[in-house]
Every structure is written in C-alpha cells, then in structure tokens.
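Next come the chains, spelled out residue by residue.
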Amino acid sequence: MTWNLSGDRPIWLQLMEGIQRGIVSGEYPPGARLPSVRDLAAEAAVNPNTMQKALTELERSGLVRSQRTSGRFITEDAAMIQDLKNQLASEQIREFLERMRSLGFTREEVISLMEGQVEAE
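Calculation criteria
Residues numbered from 1 in each chain as written. Predicted model: local features only at pLDDT ≥ 70, side-chain atom pairs only at ≥ 80, totals over all residues. Heavy atoms only, no water. Helix = DSSP H or I, 4+ residues; strand = E, 2+ residues; numbered from the N terminus. Rg over C-alpha atoms; globule rule 2.2 N^0.38 Å. Buried < 20%, exposed > 50% of the residue type's maximum accessible area, 1.4 Å probe, protein only. Core = buried A, V, L, I, M, F, W, Y, C linked by side-chain atoms within 4.5 Å. Contact = heavy atoms within 4.5 Å. Axes fitted to C-alpha atoms, helices over the stretch in contact; angles between N-to-C directions. Parallel < 35°, antiparallel > 145°, perpendicular 65-115°, else oblique. Left-handed = near helix turned anticlockwise from the far one by under 90°. Nonpolar A, V, L, I, M, F, W, Y, C, P; charged D, E, K, R; others polar.

Q: Is there a simple way to think about the overall build of the protein chain in this case?
A: Across its full length, the protein chain holds five helices and two strands. Counted from the first residue to the last, the protein chain has its helices and strands arranged as α-α-α-β-β-α-α. On C-alpha atoms alone, the protein chain measures out to a radius of gyration of 18 Å, which is more than a quarter above the 14 Å that the 2.2 N^0.38 rule sets for 121 residues. In terms of overall dimensions, the protein chain has C-alpha extents of about 55 × 35 × 25 Å along its principal axes. Among the 121 residues that make up the protein chain, the fraction classed as buried is 26%.

Quick look at the structure:
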C-alpha cells in the first residue's frame, strides 16, 4: 500500500482512511488478516502508537476486529464494506462537483464532460 501522508490533517486519520481504501479496493479482502501494527507503521513510516490509534478507530467502527492471539482481521460483513465504498465514492463526487462549480461549470457541462470522458476510455 502506498501512503501519501500530508501535514494538513491528523496522521492517524489519514492512516485510517488509507486502510479503509485498501479494504474497499480489495487490497485487504473480507476476513483477511492485517499486517501487525509494527509492520504497518514501518511501511507508512510512522510511530507504531499512531498506527495503533488508527486501528483502534477502525475496530470501533466495526470494520476491523481483533482476535487476542491472532491479530486483527477485516470484517466479513460485505454490506458494511459496500456501504463504506459508497460513502467514500459520494465524498469524492461531492468534492469533484465543488471543484467543477468553482471553475464555473454548470451541471449540464459537467455531465457532458463526464460522458465524453467515459466514451473516450
């Protein structure tokens, strides 16, 4: 997983979002065991305590579960994962539409541009 961390938001929140993206993209499939806190922290080049906080928040949300002697695992609840995927997609769409409006595009122009791009692919 590639970690693109910036200084504008809390690191633990960015780590949490990165793991969420890994889950919805299938990089971490349902029921899969996550790497250890230390391994994830080393990969992201962050303090293990910061990674621990991100994982604790993911556990709190139910997306990750902890088994005392075996580590942490991704939920097997496909509906929860799909809901998260839809939520993340909606956020991306909202941000995109806001940027397009700030450039002066109308709703119809945005739709036309998107249709053209989809046809070109």
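Q: Mind showing me how you'd approach the nonpolar core here?
A: Within soluble globular proteins, side chains that are nonpolar generally end up buried alongside one another. Membership of the largest hydrophobic core comes to 22 residues, with the highest contact counts inside it found for Ile 19, Ile 23, Met 51 and Leu 55. For this core, the secondary-structure elements that each account for two or more residues are α1 (11-25), α2 (37-44), α3 (48-61) and α4 (78-102). For this core, the element with the most residues is α1, which contributes five residues. In this structure, Ile 19 is in contact with Met 1, Trp 3, Tyr 28, Met 51, Leu 55 and Leu 58, ignoring residues within four places of it in sequence.

Q: Explanation requested: the packing of α2 against α3 in the structure shown.
A: Helix-helix packing: each pair is described by the crossing angle between the helix axes and the interaxial distance. At a minimum axis separation of 9 Å, α2 and α3 run at an interaxial angle of 115°. Relative to α3, α2 is oriented roughly perpendicular. Relative to α3, the crossing made by α2 is right-handed. Residues Val 37, Arg 38, Leu 40, Ala 41 and Ala 44 of α2 touch α3, and the partners they reach there are Pro 48, Met 51, Gln 52 and Leu 55. Class assignment of the residues belonging to the contact of α2 with α3 gives a composition of seven nonpolar, one polar and one charged.

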